[in-house]
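Letter by letter, the chains look like this.
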Amino acid sequence: MPELRKANEPATSFMHASLVIVWLGTAAVSALDYFGLSGLNHEGARLLADGGISDSSWQAALIWSGLLADLLIGLALLLRPGRASYFVALFMMAAMTVIGTALQPTLWLHPLGPLLKNLPIAAMLWFLLQTHNATQKLES
């Protein structure tokens with residue numbers, strides 16, 4: 001069993017690093033977009049308005065909540081990788097997917113697949129969570 005774990009280490013490390021980049025990158029892009037520096041012309045606020053949330057105070061609160069959640073999850077994955085951070089990331093990704101679906105169900109049909117991409121992210125997080133559990137059991 002330790003040989004199997006060693007064989008998976010490069011793939012596991014790559015998955016982990018990819019997820020850190022996704023969360024920290026999303027936080028950075030959200031901040032740039034909020035301040036009008038992304039070139040996307042406040043895409044987050046537009047998506048919320050199209051989803052029925054047109055009040056700018058609510059938009060700001062939701063954008064900053066999501067931004068801070070992304071930042072904290074990215075930092076947790078970077079600085080404290082393990083069962084808790086993988087679980088929180090999986091839970092938050094599922095919650096954000098549900099919220100995104102409620103506000104903009106057409107994002108499931110978008111050509112670039114912004115919500116569809118959450119499925120492989122969920123699979124990676126589930127794999128990392130299970131691998132971490134297996135590692136913990138082997139080390140016990």
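Residues numbered from 1 in each chain as written. Predicted model: local features only at pLDDT ≥ 70, side-chain atom pairs only at ≥ 80, totals over all residues. Heavy atoms only, no water.

**Q** Would you mind showing me how to read the packing of helix α2 (residues 43-50) against helix α3 (residues 56-79) here?
**A** Two packed helices can be described by the angle between their axes and the distance between those axes. Between α2 and α3, whose axes approach to 10 Å, the crossing angle comes to 120°. If you check the angle between α2 and α3, you find them oblique. Considering how the two elements wind past one another, α2 and α3 form a crossing that is right-handed. Judged by residue contacts, G44, A45, L48 and A49 of α2 engage Q59, L62 and I63 from α3. Of the residues assigned to the contact of α2 with α3, the class counts are five nonpolar, two polar and no charged. (Axes fitted to C-alpha atoms, helices over the stretch in contact; angles between N-to-C directions. Helix = DSSP H or I, 4+ residues; strand = E, 2+ residues; numbered from the N terminus. Parallel < 35°, antiparallel > 145°, perpendicular 65-115°, else oblique. Left-handed = near helix turned anticlockwise from the far one by under 90°. Contact = heavy atoms within 4.5 Å. Nonpolar A, V, L, I, M, F, W, Y, C, P; charged D, E, K, R; others polar.)

**Q** Would you mind going over the packing of α3 against helix α4 (residues 83-103) with me for this structure?
**A** Between α3 and α4, whose axes approach to 9 Å, the crossing angle comes to 155°. Considering their axes alone, α3 and α4 lie roughly antiparallel with respect to each other. In the crossing of α3 with α4, the sense of the turn from one axis to the other is left-handed. Mapping the contact onto sequence places G66, A69, D70, I73, A76 and L77 in α3 and S85, Y86, V88, A89, M92 and M96 in α4. Of the residues in the contact of α3 with α4, the class split is nine nonpolar, two polar and one charged.

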